[in-house]
Amino acid sequence: MKQETIDRIRKFTEDRDWSQFHSPANLAKSISIEANELLECFQWDEENYDREHVIEELADVIVYCQDMLDVLELDVDQIVNDKMEMNEKKYPVEDAKGNAKKYTYF
């Protein structure tokens, strides 16, 4: 995410004095709630969904994730790359390519 976008999210939170409500637990709940609202967009029809509604809900998830990164003082590139390294080991191309099974079933 661009720094100007991150700064805008931070300013939004700061201007409203919402940091006091941003405990890791509250943010985790908010991420889950928004992710479920995103899922709801596809509840009855996976092909004919409201793209704008999907975009709004996805943005809500991303904003709360940025808030969580800030509260926990985490670097998104670092944690994503660490996780990708783990995933690459768990799901080697020769076992996982074209296969949707969990790594424990290889």
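Presented here is a report on the structure given in the accompanying data block.

Quick notes on the rules
- Residues numbered from 1 in each chain as written.
- Predicted model: local features only at pLDDT ≥ 70, side-chain atom pairs only at ≥ 80, totals over all residues.
- Heavy atoms only, no water.
- Phe/Tyr/Trp six-rings, centres within 6.5 Å; stacked < 30°, edge-to-face > 60°.
- Helix = DSSP H or I, 4+ residues; strand = E, 2+ residues; numbered from the N terminus.
- Buried < 20%, exposed > 50% of the residue type's maximum accessible area, 1.4 Å probe, protein only.
- Salt bridge = Lys/Arg side-chain N within 4 Å of Asp/Glu carboxyl O.
- Axes fitted to C-alpha atoms, helices over the stretch in contact; angles between N-to-C directions.
- Parallel < 35°, antiparallel > 145°, perpendicular 65-115°, else oblique.
- Contact = heavy atoms within 4.5 Å.
- Nonpolar A, V, L, I, M, F, W, Y, C, P; charged D, E, K, R; others polar.

Here we come to the packing of aromatic side chains. Going through the model one piece at a time under the given rule, you end up with 3 aromatic pairs. Judged by centre distance (5.6 Å) and plane angle (85 degrees), the ring pair of Tyr-91 and Tyr-103 falls under edge-to-face. With Tyr-91 in the loop between α4 (76–90) and α5 (93–96) and Tyr-103 in the segment after α5, this pair connects stretches of sequence that are 12 residues apart. Given the relative accessible area of 32%, Tyr-103 is considered partly exposed.

So, on to unusual backbone geometry. The phi angle of most residues is negative, glycine excepted, and most peptide bonds adopt the trans form. Its identity as a non-glycine residue notwithstanding, Asp-17 has a phi of 55 degrees, on the positive side. Relative to the helices and strands, Asp-17 resides in the loop between α1 (3–15) and α2 (24–40). Look at Glu-73: it is not a glycine, yet its phi comes out positive at around 55 degrees. Tracing the backbone shows Glu-73 in the loop between α3 (51–72) and α4. With relative accessibility at 74%, the residue Glu-73 sits in the exposed group.

Glancing now at the pattern of salt bridges. Across all of its chains, the model carries 4 salt bridges by this definition. For the salt bridge of Lys-11 with Asp-15, the shortest nitrogen-to-oxygen distance reads 2.6 Å. Here Lys-11 and its partner Asp-15 are both found in helix α1, 4 residues apart, which amounts to about one turn of the helix. For Lys-11, a relative accessible area of 48% corresponds to the partly exposed category. Residue Asp-15 is classed as exposed on the basis of its relative accessible area, which comes to 51%. A salt bridge links Glu-85 to Lys-89; its shortest N-O distance comes to 3.6 Å. Of the two residues, Glu-85 and Lys-89 are both situated in helix α4; the distance of 4 residues between them amounts to about one turn of the helix. Judged by its relative accessible area of 64%, Lys-89 is exposed.

Where α1 meets α3, the closest approach of the two axes is 10 Å, and the angle between their N-to-C directions is 80 degrees. One way to sum up the angle between α1 and α3 is to call them roughly perpendicular. Across the interface between the two elements, Ile-6, Ile-9, Arg-10 and Thr-13 from α1 touch Val-63, Gln-66, Asp-67 and Asp-70 from α3. Grouping the amino acids of the contact of α1 with α3 by side-chain chemistry returns 3 nonpolar, 2 polar and 3 charged.

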